[in-house]
Amino acid sequence: MTQNINIVFLGDVVGKPGRKIVKDFLTDDFEKVLGLKKEDTFLIANVENASHGFGLTQKNYEDFVGQGFNCLTSGNHIWDKKDIFTYIDEADILLRPFNYPKDTKGIGYKIFEFKEVKIGVINMLGRVFMSPYDSPWETVKTAIEEIKKETSIIFVDFHAEATAEKICFAKYCSDLGVSVVAGTHTHVQTADERIINEQTAFITDVGFCGDYNGVIGMEYETSLHRLTTNLPERFDIAQTNSCVLNGVLAVVSNDGKAKTIKRFCITKNYEEGIK
Ligand SMILES: [Fe+2]
Ligand SMILES: [Fe+2]
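Residues numbered from 1 in each chain as written. Chains lettered and ligands numbered in written order. Predicted model: local features only at pLDDT ≥ 70, side-chain atom pairs only at ≥ 80, totals over all residues. Heavy atoms only, no water.

Visitor: Got a minute to help me understand the overall build of the protein chain in this structure?
Guide: A tally of helices and strands in the protein chain yields six helices and 13 strands. The principal-axis extent of the C-alpha atoms belonging to the protein chain is close to 55 × 40 × 35 Å. Considering the protein chain as a whole, with its 275 residues, one finds that 55% of them fall into the buried category. For the protein chain, contacts bridging at least 24 residues in sequence account for 67% of all contacts bridging at least 6. In the structure as shown, the protein chain presents an accessible area of about 12300 Å², 50% of it carried by carbon and sulfur atoms. One way to put it: in the protein chain the 31 positive side-chain charges average out to a point 2 Å from where the 39 negative ones average out. (Helix = DSSP H or I, 4+ residues; strand = E, 2+ residues; numbered from the N terminus. Buried < 20%, exposed > 50% of the residue type's maximum accessible area, 1.4 Å probe, protein only. Contact = heavy atoms within 4.5 Å. Areas by Shrake-Rupley, 256 points an atom, 1.4 Å probe, with all protein chains shown as cover. Lys, Arg positive; Asp, Glu negative; His and termini not counted. Charge placed at Lys NZ, Arg CZ, Asp CG, Glu CD.)

Visitor: Teacher, can you tell me more about the coordination of the iron ion (ligand 2) here?
Guide: As a benchmark, a tetrahedral metal site with four donors has ideal angles of 109.5 degrees, while an octahedral site with six donors has ideal angles of 90 or 180 degrees. Surrounding the iron ion (ligand 2) are the protein donor atoms Glu48 (OE), Asn76 (OD1), His159 (NE2) and His185 (ND1), at 2.1 to 2.3 Å. The sequence pattern formed by the donor residues of the iron ion (ligand 2) is E-x27-N-x82-H-x25-H. Between the iron ion (ligand 2) and the iron ion (ligand 1) the interatomic distance comes to 3.5 Å, and Glu48 is a ligand of both metals. Placement of His159 in strand β7 (residues 153-159) and of His185 in the loop between β8 (180-184) and β9 (194-196) is noted, with a sequence separation of 26 residues between them. (Donors = N, O, S within 2.8 Å, 3.2 Å for Na, K, Ca; no water.)

Visitor: What should I look at first to understand the environment of Glu113 in this one?
Guide: Looking at where Glu113 falls in the secondary structure, it is placed in strand β5 (residues 109-114). A relative accessible area of 64% means that Glu113 is categorised as exposed. Put simply, Glu113 and Asn70 are 43 residues apart on the chain and 9.1 Å apart in space, counted from C-alpha to C-alpha.

Visitor: Before we go on, may I ask you to explain the coordination of the iron ion (ligand 1) in this structure?
Guide: Coordination of the iron ion (ligand 1) by the protein involves Asp12 (OD), Glu48 (OE), Asn49 (OD1) and His187 (NE2), with metal-donor separations of 2.0 to 2.2 Å. For the iron ion (ligand 1), the four donor atoms in the first shell make angles of 91 to 171 degrees at the metal, so the coordination geometry reads as irregular. Sequence positions of the residues that donate to the iron ion (ligand 1) give the spacing D-x35-E-N-x137-H. (Tetrahedral: all angles 85-135°; square planar, octahedral: opposite > 155°, others 65-115°.)

Visitor: Looking at this structure, I do not really get the pairing of β7. What am I missing?
Guide: Moving residue by residue along a regular strand, the side chains alternate between the two faces of the sheet. Among the seven residues that make up β7, seven are buried, leaving the element largely enclosed by the rest of the structure. Burial along β7 is two-sided: the face carrying Ile153, Phe155, Asp157 and His159 and the face carrying Ile154, Val156 and Phe158 are both buried. Note: strand β6 (residues 117-125) against β7, seven bridges, orientation parallel. Paired with Asn123 across the two strands is Asp157, which belongs to β7. Once the chain exits β6 it traverses helix α4 (residues 136-148) before rejoining the sheet at β7, and the crossover so formed is right-handed. The pairing of β7 with β8 spans five bridges and is parallel. Bridge assignment links Phe155 to a residue of β8, and that residue is Val180. For the crossover from β7 across helix α5 (residues 163-175) to β8, the handedness is right-handed. (Pairing = 2+ DSSP bridges. Right-handed = clockwise from strand over helix to strand, strands pointing away.)

Visitor: Even after reading the chapter, I still don't get the packing of α4 against α5, so can you show me in this structure?
Guide: If you want to describe how two helices pack, look at the angle between their axes and the distance between the axes. Between α4 and α5, the shortest axis-to-axis distance is 11 Å and the interhelical angle comes to 30 degrees. For α4 against α5, the interelement crossing comes out right-handed. Between α4 and α5, the residues in contact are Pro136, Trp137, Val140 and Lys141 and Glu165, Cys168, Phe169, Tyr172 and Cys173, respectively. (Axes fitted to C-alpha atoms, helices over the stretch in contact; angles between N-to-C directions. Left-handed = near helix turned anticlockwise from the far one by under 90°.)

Visitor: Mind showing me how you'd approach the state of the cysteines here?
Guide: Simply put, the disulfide is a covalent bond whose two ends are the sulfur atoms of two cysteines. What the rule picks out here adds up to zero disulfides. Cys173 carries a free sulfur, and the closest cysteine sulfur to it, the one in Cys168, is 10.0 Å from it. With no disulfide of its own, Cys265 has Cys209 as its nearest cysteine by sulfur position, at a separation of 9.2 Å. For Cys265, a relative accessible area of 43% puts it in the partly exposed group. (Disulfide = S-S within 2.5 Å.)

Without other data, these values stay purely geometric and don't point to any function.
Right, here's the structure in full:
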């Protein structure tokens with residue numbers, strides 16, 4: 001029997017403004033925006049920037065678990081809060097990119113059980129304009145082969161900078177039978193969502209969740225100063241009380257083929273401030 005699975009994926013959550021709008025979205029706006037119940041949805045967010053823009057503390061990890069997320073993905077910033085090393089091996093729903101060296105703490109892919117189906121999620125880093133990580137092309141194949149032994153439903157968060165690398169990687173994953181490839185890392189939502197090969201739902205970048213008036217979640221003044229002077233300066237997150245939330249909803253059938261992908265973007269003003 002064919003069963004459709006709804007997968008909602010929220011782009012990089014940045015600091016307190018990101019955590020605030022995500023929390024409100026889940027409690028107040030989810031059904032209104034998506035026409036679905038949260039409980040009927042496999043819920044994923046990329047959380048590499050969730051704790052003050054850099055990394056993820058254990059407390060913030062536990063808050064996401066409490067909000068009902070089924071899986072959390074990450075990226076190059078996941079190591080920025082040092083306590084990650086003390087809890088990542090016990091963090092059941094958290095993935096770090098798979099293409100780090102083999103003995104790196106944490107895991108890069110996992111199979112989750114959801115409403116009597118199994119969903120494999122893989123987190124990968126790109127290499128163009130990024131650090132020289134292990135080949136995502138070779139490593140993703142290993143993860144897909146392992147997951148395919150148990151399920152046809154496979155979601156990949158490809159955390160990468162270059163649009164061409166992301167499109168090419170999505171086509172490659174599609175040929176290997178992946179259901180969804182959703183890009184993250186640039187924090188800017190792209191308008192190119194589509195189904196590739198009647199198999200894979202794809203978007204180059206989902207976008208981010210955080211302050212709406214800064215520069216990809218960071219303070220405008222610091223960004224401007226860094227860019228105009230070329231001098232190093234510590235980034236701080238923007239907090240203008242105006243927030244944006246970017247995500248996608250993909251519908252995948254239990255044979256692993258994606259049916260639809262829809263992107264969404266909502267903004268919210270918090271005149272009383274963000275607590
Ligand atoms: Fe990010
Ligand atoms: Fe990143």
